[in-house]
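The chain contents come next:
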Amino acid sequence: MMKKAQQGFTLIELMIVVAIIGILAAIALPAYQTYTDRSRVRACQSEMTGIARGVVAAIADNSTALLPAPQYSACTNANYTNTNALPNANLTANARDRATTQITCDIATGVCTHP
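These remarks concern the structure in this document. (Residues numbered from 1 in each chain as written. Predicted model: local features only at pLDDT ≥ 70, side-chain atom pairs only at ≥ 80, totals over all residues. Heavy atoms only, no water.)

What follows deals with the state of the cysteines. Enumeration according to the criterion identifies 2 disulfides in this entry. One disulfide in the model links C44 with C75; its S-S distance is 2.0 Å. Sign of the S-S torsion, about 120° for the bond between C44 and C75, identifies this disulfide as right-handed. With a gap of 31 residues between them, C44 in helix α1 (residues 11-61) and C75 in strand β1 (residues 75-76) connect regions that are remote in the sequence. Like C75, C44 is buried. Disulfide pairing is shown between C105 and C112; the S-S distance is 2.0 Å. Taking the torsion about the sulfur-sulfur bond, which here is approximately 110°, the covalent link between C105 and C112 counts as right-handed. (Disulfide = S-S within 2.5 Å. Helix = DSSP H or I, 4+ residues; strand = E, 2+ residues; numbered from the N terminus. Buried < 20%, exposed > 50% of the residue type's maximum accessible area, 1.4 Å probe, protein only.)

Okay, here's the thing in structure tokens:
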């Protein structure tokens, strides 16, 4: 007489699968958080570069009419607001990452950097 084939998975097999998924998630989540932090820093740097280049153009033309109207979505604590006066100091802002990375933009060149 033939034995009936096993149907379904045993508890041990299911526990092994859950353990493997847990290990993979433990490896993937920190990498994902690093990726999102880098993306937030780059988004803030891009946003600040656009504003800084507008400020450079306004300074070069000595015209407050060319000053950009800042709208920050990727940055916080920015030191630039359009007050219809040409800025005389570098622009700074913090990225919305976990380390609140500071972005600094040179108003002479329009180049923005972060550590």
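Following the structure, the description resumes.
Time to look at the nonpolar core. Membership of the largest hydrophobic core comes to 18 residues, with the highest contact counts inside it found for C44, M48, V55, L91, I103 and C105. Elements with a contribution of two residues or more to this core: α1, β2 (91-95) and β3 (102-105). Excluding anything up to four places from it in sequence, C105 contacts M48, A52, N90, L91, V111 and C112. (Core = buried A, V, L, I, M, F, W, Y, C linked by side-chain atoms within 4.5 Å. Contact = heavy atoms within 4.5 Å.)

Most of β2 is tucked away: 5 of the 5 residues are buried. A two-sided burial pattern is seen for β2, the buried positions comprising L91, A93 and A95 on one face and T92 and N94 on the other. In the sheet, β1 pairs with β2 via 2 bridges, with the strands oriented antiparallel. Its bridge partner lying in β2, C75 is registered against A95. By the bridge criterion, 4 bridges tie β2 to β3 in an arrangement that is antiparallel. Bridge pairing in β3 places L91 opposite C105. Where β2 folds back onto β3 in an antiparallel hairpin, the turn is made up of 6 residues, including T100, whose phi is positive at roughly 45°. (Pairing = 2+ DSSP bridges.)

The next thing to look at is the sheet that holds β3. With respect to topology, 4 strands assemble into an open sheet ordered β1-β2-β3-β4, the strand pairing being antiparallel. Both edges of this open sheet fall to β1 and β4 (112-113), since each of them pairs with a single strand only. Contacts between α1 and the sheet are confined to β1, β2, β3 and β4, with β2 contributing the most and set at about 160° to the helix. (Axes fitted to C-alpha atoms, helices over the stretch in contact; angles between N-to-C directions.)

Let us now look at the side chain of T101. Along the chain, the position of T101 falls in the loop between β2 and β3. Apart from residues lying up to four places away in sequence, T101 is in contact with V41, A93, N94, A95, H114 and P115.

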